[in-house]
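# Survey of secondary and tertiary structure
Each chain is listed here by its residues.
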Amino acid sequence: MTIYNDYDLTCHNTFGISATCRRYIDYDSTEDAIKAGRMISQQPYIIIGGGSNLLLVGNYDGTVVHSSVMGIESDIIGNNVMVRVGSGECWDHLVAHCVEQGWHGLENLSLIPGDTGAAAVQNIGAYGAEVKDYIYKVEGIEVDSGRMVSFGVAECHYAYRDSIFKNELKGKVLITHVTLLLSREFVPNISYGGISTYLTDHGIKHPDARQLRAAIIDIRRSKLPDPEELGNAGSFFKNPVVNKTVYERLKERFGDDMPHYSVDDEHEKIPAGWMIEKCGWKGRRVGNAGVHDRQALVLVNHGGASGQEILALCNSIRSDIKDMFGVDLQPEVNIV
């Protein structure tokens, strides 16, 4: 376990926001997670992953806790494989490893930034896949009691970009390991987000796992800025899910121009990026903060932006969306 005081968090958030915390704790084992829990249980603290889903609006007068629990273990069970992963493992490194080993299911989640533990908290998703579809269980340490806890996938209460770890158990569990249930049989998921068009354009009729992963990476890079070059936290807003009444009202107004995806018989999902672009925000810049010119769902730091500037931009966009669509746009990132 490593502990720092008055710690600079600039390199721990992909927005590149300059901020500090009073203390920083990095745990790299279950035993250290127990010790860390004892240290923070009676004081203000937050738990972070790779900082790819985080907006710091100022210095944090408390403790920041981060996992560096590493390691990938596997257990072959017939045509399936259980993969137990340390919560500090880089998510995309894990996806790459699984593809190389012939453990399938995660290909569409390639190149999503962040740590594996945070992926389980956030229920990351992209291109027609969500990590909840592959999680078997999540292990961790209960901060207040110091006891080891384990949650099966049903107990995680997963929903769209949501889980029990963002609600009832927010900040109450230090995640140490995530176990995934993957398949040794590759079944490509190519029906979402232009994947099939990409493959056709590149002359690929029957992609293997490596080809699908490469396609996902190319598509993401064509749409999303590299945080190393332009500070951002990926998709800043959730795609709103609206009931049929709201959907029909919007459809009557915008017609076939409005993209949408059926969630169930009662709800439709409308792309937030389309709504933001409709309001004229795509590519706009306010001071050092702005909206990406290729993907309106992404807010960016053009250099030197404060967290307050990013937050003000967020609020302006939300206000315009509410005025035009009557929909409350919700941030996907954690604002601290």
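Above this text you will find the structure in question.
Okay, so let's go over this structure. (Residues numbered from 1 in each chain as written. Predicted model: local features only at pLDDT ≥ 70, side-chain atom pairs only at ≥ 80, totals over all residues. Heavy atoms only, no water.)

### Some remarks on the overall build of the protein chain
The criterion, for reference: Under the DSSP-based scheme used, a helix requires at least four consecutive residues in state H or I and a strand at least two consecutive residues in state E, with every element numbered from the N terminus. Whether two residues touch is decided by their heavy atoms; if any such pair falls within 4.5 Å, the residues are in contact. Areas reported here follow the Shrake-Rupley algorithm with a probe of radius 1.4 Å; residue values treat only the protein chains shown as occluding.
Of the regular secondary structure elements, the protein chain holds eight helices and 20 strands. By its C-alpha atoms, the protein chain is 55 × 50 × 40 Å across when sized along the principal axes. Here the contacts in the protein chain between residues at least 6 apart in sequence split such that 62% fall between residues at least 24 apart. On the protein chain, roughly 15500 Å² of surface is accessible, and the fraction owed to carbon and sulfur atoms is 46%.

### Side note on the layout of surface pockets
The rolling of a water-molecule-sized probe over the atoms marks out the regions of remaining empty space. Defined as follows: Two kinds of site are reported from a 1 Å grid over the protein atoms alone, namely cavities, where a 1.4 Å probe fits but cannot get out, and pockets, open sets with protein on both sides within 12 Å along at least five of seven lines, and residues are called lining when an atom falls within 4 Å of a point. Grid points are joined across faces, edges and corners, and a volume is the space filled by probe spheres set on the points. When residues are sorted by character, Ala, Val, Leu, Ile, Met, Phe, Trp, Tyr, Cys and Pro go into the nonpolar class, Asp, Glu, Lys and Arg into the charged class, and all the rest, Gly among them, into the polar class.
Looking at the second largest pocket, its volume works out to about 150 Å³. Considering the residues around the second largest pocket, the lining is formed by 13 residues, among which His104, Gly105, Glu107, Tyr134 and Val187 are closest to the centre. Here the lining of the second largest pocket is built from residues that sort into six nonpolar, five polar and two charged.

### Remarks on the sheet that holds strand 12 (residues 173–183)
Here is the rule: For two strands to pair, DSSP has to find at least two bridges joining them. Angular values range over 0 to 180 degrees, each being the angle between N-to-C directions of two axes fitted as lines to C-alpha atoms, with helices fitted over their stretch in contact.
Reading across from one edge, 6-7-12-10-11 is the order of the five strands in this open sheet, with antiparallel pairing throughout. The open sheet has two edge strands, strand 6 (72–77) and strand 11 (148–152), and neither has a second partner. Across the sheet, the mean angle from the axis of one strand to that of its neighbour is 20°, orientation sign disregarded. In terms of strand pairing, strand 10 (residues 135–142) meets strand 11 through five bridges, oriented antiparallel. For Val138, the partnering residue across the bridge sits in strand 11 and is Phe151. Set on the sheet, helix 1 (residues 30–40) makes contact with strand 10, strand 11 and strand 12; between it and strand 12 the angle comes to about 145°. The sheet strands contacting helix 2 (residues 91–101) are strand 6, strand 7 (80–86) and strand 12, and the helix crosses strand 12 at an angle near 25°.

### Some remarks on the nonpolar core
Formally: Buried Ala, Val, Leu, Ile, Met, Phe, Trp, Tyr and Cys residues that are joined via side-chain atoms within 4.5 Å together make up what is termed a nonpolar core. The buried label applies to any residue whose accessible area, calculated with a 1.4 Å probe on protein chains only, is under 20% of its type's maximum; exposed applies above 50%, and partly exposed to all values in between.
Among the nonpolar cores identified, the biggest contains 45 residues, and Phe236, Phe237, Ile276, Leu299, Ile310, Ile317 and Phe325 are the most heavily contacted of them. Every element with two or more residues in this core is listed here: strand 2 (20–27), strand 3 (45–48), strand 4 (54–55), strand 5 (60–67), helix 6 (244–254), helix 7 (272–278), strand 18 (289–291) and helix 8 (307–325). Considering each element in turn, this core owes the most residues, seven residues, to helix 8. Among residues more than four places away in sequence, those in contact with Leu299 are Phe15, Gly231, Asn232, Ala233, Phe236, Phe237, Gly290, Val291, Ile310, Leu313, Cys314 and Ile317. By size, the runner-up hydrophobic cluster in this structure holds 43 residues, among which are Trp91, Leu94, Trp103 and Ala126.

### Observations regarding the pairing of strand 6
Regular strands place their side chains on alternate faces of the sheet. Pairing between strand 6 and strand 7: six bridges, direction antiparallel. The partner of Ile72 across the bridge, within strand 7, is Val85. What sits between strand 6 and strand 7 in their antiparallel hairpin is a turn of two residues, with Gly78 showing a positive phi close to 60°.

### Some details on the pattern of salt bridges
In plain terms, the rule: Think of a salt bridge as a Lys or Arg side-chain nitrogen and an Asp or Glu carboxyl oxygen that are within 4 Å of each other.
Using the criterion set out here, one finds 15 salt bridges in the structure. In this structure, the salt-bridge partner of Arg22 is Asp61, at a minimum N-O distance of 3.6 Å. Residue Arg22 is found in strand 2, and its partner Asp61 is found in strand 5; the two are separated by 39 residues along the sequence. Note that Glu100 is salt-bridged to Arg210, the shortest N-O span being 3.2 Å. Here the residue Glu100 occupies a position in helix 2, and Arg210 occupies one in helix 5 (residues 209–223), the gap between them amounting to 110 residues. Through salt bridges with shared partners, a single ionic network connects Glu130, Lys132, Asp133, Arg161 and Glu332.

### Quick notes on the packing of helix 2 against helix 5
Put simply, the rule is: Note that the term roughly parallel is reserved for angles under 35 degrees, roughly antiparallel for angles over 145, roughly perpendicular for angles of 65 to 115, and oblique for everything else. Crossing chirality is assigned from the near helix's rotation relative to the far helix, an anticlockwise turn below a right angle marking it left-handed and a clockwise turn marking it right-handed.
For the pair helix 2 and helix 5, interaxial distance at closest approach is 9 Å and the crossing angle is 155°. Here helix 5 runs roughly antiparallel to helix 2, going by the angle between their axes. The crossing of helix 2 and helix 5 is left-handed. Residues Asp92, Val95, Ala96, Val99 and Glu100 of helix 2 form the contact with helix 5, whose participating residues are Ala209, Arg210 and Arg213. Each residue belonging to the contact of helix 2 with helix 5 can be placed in one class, and the counts come to four nonpolar, no polar and four charged.

### Considering the sheet that holds strand 2
Taken in spatial order, the four strands of this open sheet run 1-2-5-3, and their pairing is mixed. Where the open sheet ends on each side, the last strands, each with one partner, are strand 1 (2–8) and strand 3. For this sheet, the mean inter-axis angle between neighbouring strands, taken without regard to orientation, is 25°. Its contacts with the sheet place helix 1 against strand 1, strand 2, strand 3 and strand 5, and it is angled at close to 150° to strand 2.

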